[in-house]
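Now for the letters of each chain:
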Amino acid sequence: MEVGRDFEKSPEDRTSDLRQRKLLPRDQDTDVQRSGPNLSQSTIKHVKMQKLLDKIQSKKLEFLRQVDSQLGELFDEVTQEVNTFQQPYTNGNGTVQRNSNSREGQKIFVPRDSLLTDLFEMQHIQTIYHIFVAILIVLMINTFVYDIVDKGSWMVDFSMVSFAFDRMPIVLHTWVYMQLSTIAVYCAFNHWAHNRGKYGAWFDWLYCVGYLGYQAGFGWLPLRQICYHSLPPTAALIVVCEQVRMVMKVHSFVRDNAPKVLKTKEVSSADGPEKCLLCPDFSKYLYFLFAPTLVYRDEYPRTPSIRWNYVVSNFGQVVGCLVYANFVLVRFMIPVFQNIGKEPTSSKVLVLAIFGSMLPGMLVLFLIFFGVLHSWLNAFAEMLRFADRQFYKDWWNSTSFAGYYRSWNVVVHDWLYYYIYKDIMLLLGYHNKTYAALSVFVLSAIVHEYIIAFSLGFFYPVLLCMFGGIGVVLFFLVPQQPSRMWNIGLWVGLFTGMGLLMCLYCQEWYARINCPRVYDSYADYVIPRSWICMMQNVH
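Residues numbered from 1 in each chain as written. Predicted model: local features only at pLDDT ≥ 70, side-chain atom pairs only at ≥ 80, totals over all residues. Heavy atoms only, no water.

In the annotation of an unreviewed UniProt entry, the entry for the protein chain reads O-acyltransferase, and the organism field reads Branchiostoma belcheri. Taken from UniProt, the Sequence similarities (unreviewed entry) comment for the protein chain reads in full: "Belongs to the membrane-bound acyltransferase family. Sterol o-acyltransferase subfamily." The UniProt entry for the protein chain carries the following comment under Subcellular location (unreviewed entry): "Endoplasmic reticulum membrane". (UniProt positions renumbered as here; feature names shortened; annotations may be inferred.)

Okay, here's the thing in structure tokens:
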């Protein structure tokens with residue numbers, strides 16, 4: 001047999017043959033030579049299969065990345081071509097025109113899984129997931145042992161979780177009213193679309209002013225609930241985030257459909273004049289309100305069925321992320337900052353606290369990403385059979401902050417791009433891309449700080465300065481030919497930024513608990529009390 005003839009050869013000859021057959025890498029030459037005649041056929045098969053499996057997994061990951069990138073570019077090119085060669089239509093005077101309402105490069109929804117869903121099919125990525133689960137288990141054991149030794153208690157302290165989610169009935173009550181108000185917007189829009197032809201231009205302006213008034217009232221009433229009931233951070237965060245989400249949803253619906261109604265012309269038929277386009281069906285609007293996207297379309301790609309085990313798994317991961325965040329804050333953040341205002345604070349303590357907050361801050365960032373952008377959105381996408389699940393891209397591979405901002409949260413990025421960036425360029429001209437980009441950054445920074453301020457109950461513009469100041473500079477600091485080394489700089493910036501955010505916000509939170517109130521007016525909400533405590537401790 002051929003195997004028998006192989007063993008009659010010297011170890012060097014067998015090694016050369018194996019290398020020629022591509023069954024053995026060069027770094028295993030010495031192992032084969034050392035084995036000599038003891039090398040068996042099963043060993044050769046094992047080496048061959050292991051090499052083949054590693055190569056397949058590596059090629060699979062590379063293939064997925066290339067396909068995702070090339071498909072995205074392909075769909076963008078096809079979309080631009082389609083919008084360039086629009087089908088003409090005939091207006092009321094019989095003149096052939098092109099649709100001037102069409103905006104180039106509109107988002108195309110296609111069936112696709114989230115990136116982590118595909119990556120978790122690989123054993124190596126699953127191991128990274130298992131490492132984070134192991135860290136959670138170690139944190140739980142660490143906290144449990146600490147409570148027994150230090151406090152003599154057998155119960156894990158979840159008081160922070162119960163405090164954060166306190167008064168949830170008020171949150172639910174507020175959310176129901178906000179949701180009903182968005183339905184009222186559809187009713188008003190439908191009435192306007194069907195009756196505007198009976199009146200003059202004043203009817204359009206009346207509804208436009210009414211829409212702006214609605215947005216103003218919708219921005220005030222939820223905030224009144226937060227301040228009146230003094231909602232805790234997590235409860236207030238839910239209300240504010242849902243408020244922002246619904247404002248973006250309503251604007252998307254109105255922005256996409258109002259121009260269509262304004263462009264609608266009366267066409268003749270056997271039964272007399274009729275409208276060729278009116279308001280979309282309510283079922284489409286209702287589906288959009290809960291779909292995990294902020295860009296309105298009449299139709300979305302759908303999956304054939306609902307995998308309820310996948311839904312339960314994703315909601316379970318959301319709960320796991322909440323428990324994870326609780327242990328991170330209890331073990332690493334609260335012990336450091338809970339005595340702010342009770343003890344003297346120096347610049348040395350502040351610097352050490354910032355660097356000590358970097359690792360917990362990044363863990364919290366990972367948990368927000370995985371819990372919200374992956375698990376939560378995938379759970380709702382599965383329940384609604386929403387097939388396009390590109391809620392994020394591979395932001396961890398970005399070599400610039402511009403790439404990171406575009407790929408971190410695709411859901412919000414798409415809304416900002418299609419309804420803010422492109423509309424500003426439409427108003428100012430397509431040569432003013434810099435002003436449009438700056439406007440998007442300013443708006444995004446203000447909204448992020450708005451969410452943080454009303455969630456925590458005070459205005460401390462750390463995120464506003466970092467996002468709207470340093471973030472703008474880093475956004476335009478894009479290398480011409482970025483190398484992988486820039487990815488290291490991105491991660492260093494993320495670690496440093498999260499350390500600053502976690503440290504300064506935690507410091508201000510506990511300063512407002514431990515330090516006496518200085519101002520009885522609204523100035524108390526905008527003047528950092530931690531600064532006053534530090535100055536008083538110095539004197």
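Read on, since the account is not over.
Caption draft 1: Spotlight on the overall build of the protein chain. In terms of regular secondary structure, the protein chain is built from 21 helices and 4 strands. Within the protein chain, residue pairs in contact and separated by at least 24 positions form 72% of the contacts whose partners lie at least 6 positions apart. As displayed, the protein chain has an accessible area near 31,100 Å², and 64% of this comes from carbon and sulfur atoms. (Helix = DSSP H or I, 4+ residues; strand = E, 2+ residues; numbered from the N terminus. Contact = heavy atoms within 4.5 Å. Areas by Shrake-Rupley, 256 points an atom, 1.4 Å probe, with all protein chains shown as cover.)

Caption draft 2: Structural detail: the nonpolar core. Among the nonpolar cores identified, the biggest contains 112 residues, and Phe253, Phe369 and Trp396 are the most heavily contacted of them. Setting aside chain neighbours within four positions, we find Phe253 in contact with Tyr186, Phe189, Cys279, Pro280, Tyr285, Phe288 and Tyr296. (Core = buried A, V, L, I, M, F, W, Y, C linked by side-chain atoms within 4.5 Å. Buried < 20%, exposed > 50% of the residue type's maximum accessible area, 1.4 Å probe, protein only.)

Caption draft 3: Local environment of the UniProt feature "active site" (unreviewed entry) in the protein chain. Those places that UniProt annotates as "active site" (unreviewed entry) correspond, in this numbering, to His448. Note on placement: His448 falls in helix 17 (residues 433–456). Residue contacts for His448: discarding those within four places in its chain leaves Leu463 and Phe467. Only 2.7 Å separates the side chain of His448 from the backbone oxygen of Ser444, close enough to count as a polar contact. (Polar contact = N/O pair within 3.5 Å; in protein donor to acceptor, adjacent residues only side chain to side chain.)

Caption draft 4: Region of the structure containing the UniProt feature "transmembrane region" (unreviewed entry) in the protein chain. Those places that UniProt annotates as "transmembrane region" (unreviewed entry) correspond, in this numbering, to residues 128–149, 169–189, 201–223, 315–337, 349–373, 433–452, 458–478 and 490–510. Segment residues 201–223 splits into 100% helix and 0% strand. End C-alpha atoms: 34 Å apart. Segment residues 490–510 splits into 100% helix and 0% strand. End C-alpha atoms: 30 Å apart.

Caption draft 5: Inspection of unusual backbone geometry at higher detail. Even without being a glycine, Ser230 presents a positive backbone phi close to 50 degrees. Looking at the element boundaries, Ser230 is found in the loop between helix 9 (201–229) and helix 10 (233–263).

Caption draft 6: Quick peek at the environment of Ala379. Positionally, Ala379 belongs in helix 14 (residues 358–383). Exposure remark for Ala379: the relative accessible area of 0% places this residue in the buried category. Sequence spacing of Ala379 and Val318 is 61 residues, and the spatial spacing of their C-alpha atoms is 9.6 Å.

Caption draft 7: Representation of helix 10 in the model. Taking 1.5 Å of rise per residue, 31 residues should cover 45 Å, and helix 10 covers 45 Å from first to last C-alpha, within 8% of that figure. Approximately 25 degrees is the largest bend angle found in helix 10, and it occurs at Asn257, with the proline Pro259 only one to four residues beyond. (Expected span 1.5 Å × (residues − 1). Bend = angle between axes of the 7 residues up to and from the residue.)

Caption draft 8: Representation of empty space enclosed by the protein within the structure. Scanning the entire structure with this criterion turns up 1 cavity of 30 Å³ or more. If you add up the space inside the largest cavity, you get close to 80 Å³. Taken together, 13 residues make up the lining of the largest cavity; nearest its centre are Lys107, Phe109, Pro292, Thr293 and Gln390. Taken together, the residues of the lining of the largest cavity sort by class into 8 nonpolar, 2 polar and 3 charged. (1 Å grid on protein atoms, 1.4 Å probe; cavity = no way out; pocket = protein on both sides within 12 Å on 5 of 7 lines; lining within 4 Å. Points joined across faces, edges and corners; volume = space filled by probe spheres on them. Nonpolar A, V, L, I, M, F, W, Y, C, P; charged D, E, K, R; others polar.)

Caption draft 9: Local environment of the environment of Tyr207. By the secondary structure assignment, Tyr207 is in helix 9. On the basis of relative accessible area, Tyr207 is assigned to the partly exposed category, the value being 24%. Between the C-alpha atom of Tyr207 and that of Arg196, which follows or precedes it by 11 residues, the distance is 9.7 Å.

Caption draft 10: Fine view of a nonpolar patch on the surface. A surface patch of nonpolar side chains, amounting to about 440 Å² of accessible area, comprises Val133, Ile137, Ile141, Val145 and Val149. Residue position: Ile141 is located in helix 6 (residues 123–151). (Patch = residues over 30% accessible without salt bridge, like charges linked within 9 Å, V, L, I, M, F, W, Y side chains within 5 Å. Salt bridge = Lys/Arg side-chain N within 4 Å of Asp/Glu carboxyl O.)

Caption draft 11: How the structure looks around the environment of Asp298. Mapped onto the elements of the fold, Asp298 is located in the loop between helix 11 (282–290) and helix 12 (308–337). Classification of Asp298 as partly exposed rests on a relative accessible area of 31%. Distance in space between the C-alpha atoms of Asp298 and Ser283 is 9.7 Å, their sequence separation being 15 residues. Residues within four places of Asp298 in sequence aside, it is in contact with Asn257, Lys260, Pro280 and Lys284. Within the structure, the side chain of Asp298 is placed 2.7 Å from the side chain of Tyr296, a separation counted as a polar contact.

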